[in-house]
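Report on the structure
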Amino acid sequence: MSALAERGPASKLGSRWTNWRRGLYRFRQSWLSVIGLAIVVLLLFAAVAGPWIVPYPEHVTGGINTGMRFRPPSWAFPFGTNELGQDVFSLVVAGTRVSLLAGLAVVVVAALIGTAIGAIAGYRGGWIDDALMRFTDLMLTLPSLILAMAIAAALGPGIPNMVFAISMSWWPGFARLVRGEVMAKKEEVYVQAARAIGAGTTRIIVRHILPNIVSPVIVKMSLDMGFAILTVASLGFVGIGVKPPTPEWGSLLSLARGYLPDYWWTAIFPGCAIFLAVFGFNLLGDGLRDVMDPRARR
Amino acid sequence: MLEIRGLSKHYPGRRGSKGVDALKDVSLSITKRESFGLVGESGSGKTTLTRCVLGLEPPTAGSIIFDGVDLASLSPAAMRAMRARIQIVFQDPYASLNPRMTAHDIVAEPMIVHRDTLRLDRRQRSDRVVELLDLVGLGEQHLHRFPHEFSGGQRQRIGIARALSVNPELLVLDEPTSALDVSVQAQVLNLLHALQERLHLTYLFISHDLGVIRYVCDRVALIYRGEIVEQGPAGDIFDRPGSDYGRMLIAAMPEPDPDRSPFRTPA
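About the thresholds
Residues numbered from 1 in each chain as written. Chains lettered and ligands numbered in written order. Predicted model: local features only at pLDDT ≥ 70, side-chain atom pairs only at ≥ 80, totals over all residues. Heavy atoms only, no water. Helix = DSSP H or I, 4+ residues; strand = E, 2+ residues; numbered from the N terminus. Rg over C-alpha atoms; globule rule 2.2 N^0.38 Å. Buried < 20%, exposed > 50% of the residue type's maximum accessible area, 1.4 Å probe, protein only. Contact = heavy atoms within 4.5 Å. Lys, Arg positive; Asp, Glu negative; His and termini not counted. Charge placed at Lys NZ, Arg CZ, Asp CG, Glu CD. Salt bridge = Lys/Arg side-chain N within 4 Å of Asp/Glu carboxyl O. Core = buried A, V, L, I, M, F, W, Y, C linked by side-chain atoms within 4.5 Å. Domains from an automatic or database assignment. Buried area = accessible area lost by both parts, 1.4 Å probe. Nonpolar A, V, L, I, M, F, W, Y, C, P; charged D, E, K, R; others polar.

Secondary structure summary: chain B contains 10 helices and 10 strands in total. For 267 residues, the compact-globule estimate of 2.2 N^0.38 gives 18 Å, and chain B sits close to it at 20 Å. Along the first, second and third principal axes, the C-alpha set of chain B runs to 60 × 55 × 40 Å. Counting all 267 residues of chain B, 53% fall into the buried class. In chain B, 68% of the contacts between residues at least 6 apart in sequence involve partners at least 24 apart. The averaged location of the 33 negative side-chain charges in chain B is 6 Å from the averaged location of its 32 positive side-chain charges.

Here you go:
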C-alpha cells in the first residue's frame, strides 16, 4: 500500500495532452524562456523570409551602390551602409539564413555522431566503452576552432566543409551526455524485459533506450545552437567558410573591422545579430530544459 | 518440465571482499501445468534464480534443464528461440513497461522479435494484440494509450499480455502482485489462475507473501540465503512445516480468521 502511495500514480496519470499543457505552463512561468522563444521565432522568420522582405534585395546578391558609401543609419538605411554602399540591414537580415542553417547542421550532425558513439559506449561498456571514450576525450582536448580551421584549410572553404569541420569538434559533448544517459537507462526494468523477450542489442538501443533519452539531447541541441552559430561566425570572421557575396554575420563583421572607429554601424549590427542569436537559443534551451528535464533545474 | 540441478551463483566482490554466494546448490523440479511457489525474504536469491532461468545471468555451477534441454548447451540463436517458451511477468508494473511505447506496441514487440517462429504479419499481430488484451481484461480502447495512462493493475495486465503473446509454456511470475493494491492483487491473482487453466501454463511463482502463495500454488519451496530449506506440497508446508525457518515463516503469517486475530479485543 505505502509503496504505491509513495510512487504516486497520480503524478503519472493524466493524458499526454495534460502533460503537454503542464509543460507549456512551466515554460511560460519563466519570462526569460518566452523572450528566448520570441527571439528564435524572429530569427526563424528572418531566415525563411529574409531575401524577400529586405528593403534592398539587390545588395544581398552582391549589388553595390558606390554613391551611397558609409551612410549612417537613417530611415532609408536603418543600419546604415557599408564601404560598397550596401544596406547593412538587408545584409544582416539575409545573413540569418546561412548562420541558422549552418548552426543547425552543426548541431544535428554532432548530435547524430555523438549519440551513436555515446550509445554504443554506454550500452556495451567494458573495453569498447574505454576505447570510445578515450577517443572522445582526445577529440575534446583538441581546440575546436583550430581543428575546424585545419579541416577547412585542408578541404577548402565552403559551407558543407565548414559544417563538417565544426561538427568534428562538437560531437564529444553529445557522446558524453548520451553515454551517461544510456548507462542509467539500460538498468531499467523495461530494458531487462526486452532482453528477457530475446530482443537484440540494436532493437533494445533503438526502441527502448534512445526514445527515453531524447529530452536531454534536444535540450543540449538547443543550448548548443547559439554557440554553434557563434563558431560559424568566428570561422566567417577569419575568412574560412562562407565566401562573399553570400552575406554571413561573421564575414560582415570581418569586412567592417577596418572601418570600425569611424563607421561603427557596419560592425555593430552584425555583432548584435550574433549576440541576439546566441542569447535567444540559450534562453530557449534553458526553458526547454525546465520543461523536458525537470530534474536538472537549478 | 523445468529441472534445476545444483545451481550456484557467485557474484565476485570487488578487490578485498569475498563476494556473495547468491545461490548455493539449488535443486528444484517443476512439473508441467503446476504452480510452483518459491518463497523467500529479500536477498534470499529468488530474483537471481529467475534471472538464471531466463538466461539473463549465467550460473556459476549447475544446470537448468527445460523440457529435456540444458539451457547452457544452447547456441545463442537457439537460446533466443527458447526465450519464447519461458516468459516472465515482472514485479513492478511501473518500471517494466517502456514509457514511450503504447500498449499495442508493448504487447506486439515479442511477436516481432520472434517472428521467425510465430510467422505473423503486421495485421495478424495487431489482431492478436486485441485478443490478448481481451484475454487479460482490457479492451480495444486501451490499444494506443501509453503506460502512464493506466492504473497499476491495468499495467500488470499489459505485462501479462506481453508475456503471453509468444505462447510460452512456462511463466515466471516475479512477485507479480506485490506492487499492487490489495483489492487489485486479488483480481490479478484470479486472472492468473484463469489463464493457467485456459492456456495450460506452468507457473514459477515467486513471492514473499505467504497468503498469495498458499492461494495460488500446488507445491512450494522455501529459500533462505541462497539455499532451499524445504520443499513439498503447499498443504504440507503450511500445515506441518518441517524446517525451523518454515515454522518461523508460518508463525509470522497473519491469521485469516478474524476471531483468532491478535488485534481483536474481547467484547
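Structure's up, so let's keep going.
Next up on the list: the environment of Val98 of chain A. Residues and elements named next belong to chain A. Locating Val98 in the fold gives a position in helix 6 (residues 88-124). When the C-alpha atoms of Val98 and Phe174 are compared, they prove to be 23 Å apart, with 76 residues separating the residues in sequence. With residues up to four places along the chain from it excluded, the contact list for Val98 reads Ile159, Val242, Thr246, Pro247 and Glu248.

Turning our attention to the pattern of salt bridges. Two side chains of opposite charge can pair, provided their charged atoms sit close to one another. Tallied over the entire structure, the rule returns 17 salt bridges over all chains. In this structure, Asp67 of chain B engages Arg85 of chain B in a salt bridge whose closest nitrogen and oxygen atoms are separated by 2.6 Å. Of the two residues, Asp67 of chain B is situated in the loop between strand 4 (61-66) and strand 5 (69-70) and Arg85 of chain B in the loop between helix 2 (76-83) and strand 6 (86-89); the sequence distance between them amounts to 18 residues. Residue Glu169 of chain B is joined to Arg85 of chain B by a salt bridge in which the shortest nitrogen-to-oxygen separation is 2.7 Å. With Glu169 of chain B in the loop between helix 6 (152-164) and strand 7 (170-174) and Arg85 of chain B in the loop between helix 2 and strand 6, this pair connects stretches of sequence that are 84 residues apart. Taken together, the shared-partner salt bridges in this structure form one network comprising Arg134, Asp137 and Arg176 of chain A.

This paragraph deals with the nonpolar core. In terms of nonpolar packing, the biggest core is built from 65 residues, with Val92, Ile166 and Trp249 of chain A touching the most fellow members. A total of 13 residues in this core trace back to one element, the largest contributor, which is helix 6 of chain A. Residue contacts for Val92 of chain A: discarding those within four places in its chain leaves Phe79, Trp249, Leu252, Phe269, Pro270 and Ala273 of chain A. Listed in part, the 48 residues of the second largest apolar core include Met111, Leu171, Leu201 and Met253 of chain B.

Residue and element names in this part refer to chain B. Taken domain by domain, chain B comprises domain 1 (1-85 + 169-178 + 201-251) and domain 2 (93-167). For domain 1 and domain 2, the distance between their C-alpha centres works out to 26 Å. In this assembly, 8 residues from domain 1 lie in contact with 7 residues from domain 2. Together domain 1 and domain 2 conceal approximately 590 Å² of surface at their shared face, both sides included; 63% is due to carbon and sulfur atoms. Where domain 1 meets domain 2, there are 0 salt bridges. Broken down by element, the residue count for the side of domain 1 that touches domain 2 peaks at 3 residues, all from helix 2. Its residues assigned to classes, the side of domain 1 that touches domain 2 comprises 5 nonpolar, no polar and 3 charged.

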